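Per-entry structural report
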Amino acid sequence: DTLFIVCTDHGFLLGEHQWWGKNIMPVYNEIANTPFFIRDPRSKTQGVRRSALAQTIDIPATLLEYFDIPRPATMTGKPLRPAIERDESIRDYALFGYFGGHINITDGEYVYMRCPREQNKTNLYEYTLMPTRIDSPFKIDELKDIRIHPGFDFTQGVQV
């Protein structure tokens with residue numbers, strides 16, 4: 001009677017494509033294709049693979065649907081129950097990538113990978129209240145001229 005979800009956020013390169021690790025290189029399949037297992041006790045389906053596309057943003061929507069809690073209007077994830085029970089598609093494509101790095105879109109068969117138009121990150125805006133990046137803190141000079149942004153729909157008005 002337990003909903004069980006196992007998922008990772010990324011894979012890891014072990015020398016493939018002449019890279020080791022993750023985060024700075026293009027998001028190759030070895031990084032993008034991650035283990036994702038769901039056991040939904042409402043479904044009698046077990047031991048089968050599904051071809052429907054899913055993203056990690058679908059996990060919160062799946063949990064809310066399971067517990068019969070309405071999804072917020074700003075939530076873009078979709079419940080995975082139709083994919084689990086009938087391999088029914090819940091989305092036509094999936095986006096993935098890293099901030100300031102390559103961005104990708106897939107239909108499940110093909111992947112279009114696009115690198116940033118600019119080598120540097122001059123025209124990228126970082127909206128955060130956390131004074132750190134994935135691999136280092138912000139420099140003091142970067143924090144001197146920060147401005148508070150009033151927020152977005154998905155931050156529910158919280159300033160960033």
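Residues numbered from 1 in each chain as written. Predicted model: local features only at pLDDT ≥ 70, side-chain atom pairs only at ≥ 80, totals over all residues. Heavy atoms only, no water.

**Notes on the pairing of strand E6 (residues 103-106)**
In regular strands, side chains alternate between the two faces of the sheet. Test applied: Exposure categories follow from relative accessible area, calculated using a 1.4 Å probe and restricted to protein chains: below 20% of the type maximum is buried, above 50% is exposed, and the middle band is partly exposed. What counts as a helix is a DSSP run of H or I of at least four residues, what counts as a strand is a run of E of at least two, and both are numbered from the N terminus. By the convention used here, strands pair only if DSSP detects at least 2 bridges between them.
What you see with E6 is a clean split: Asn104 and Thr106 sit on the buried side and Ile103 and Ile105 on the side with no burial. Where strand E5 (residues 94-97) lies against E6, four bridges are found, and the strand directions are antiparallel. Bridging across to E6, leucine 95 finds its partner in isoleucine 105. Connecting the antiparallel pair E5 and E6 is a turn made up of five residues, with glycine 100 showing a positive phi of about 80°.

**Quick word on unusual backbone geometry**
Backbone geometry places histidine 17, a non-glycine residue, at a positive phi of 60°. Here histidine 17 lies in the loop between strand E2 (13-14) and strand E3 (20-21). Histidine 17 sits in the partly exposed class, given a relative accessible area of 33%. You will see that glutamine 156, though not glycine, has its phi angle at about 55°, which is positive. Mapped onto the fold, glutamine 156 is located in the segment after helix H4 (140-144).

**Some words on the sheet that holds E6**
Sheets are built from strands paired through backbone hydrogen bonds, the pairs being either parallel or antiparallel. This is how it is decided: Working convention: axes come from line fits to C-alpha atoms, limited for helices to the stretch in contact. Angles between N-to-C directions cover 0 to 180 degrees.
Strand order in the open sheet formed by three strands is E5-E6-E7, with antiparallel pairing between adjacent strands. With one partner strand each, in any of the chains shown, E5 and strand E7 (111-114) form the two edges of the open sheet. On average, adjacent strands in this sheet sit at an angle of 20° to one another, irrespective of strand direction.

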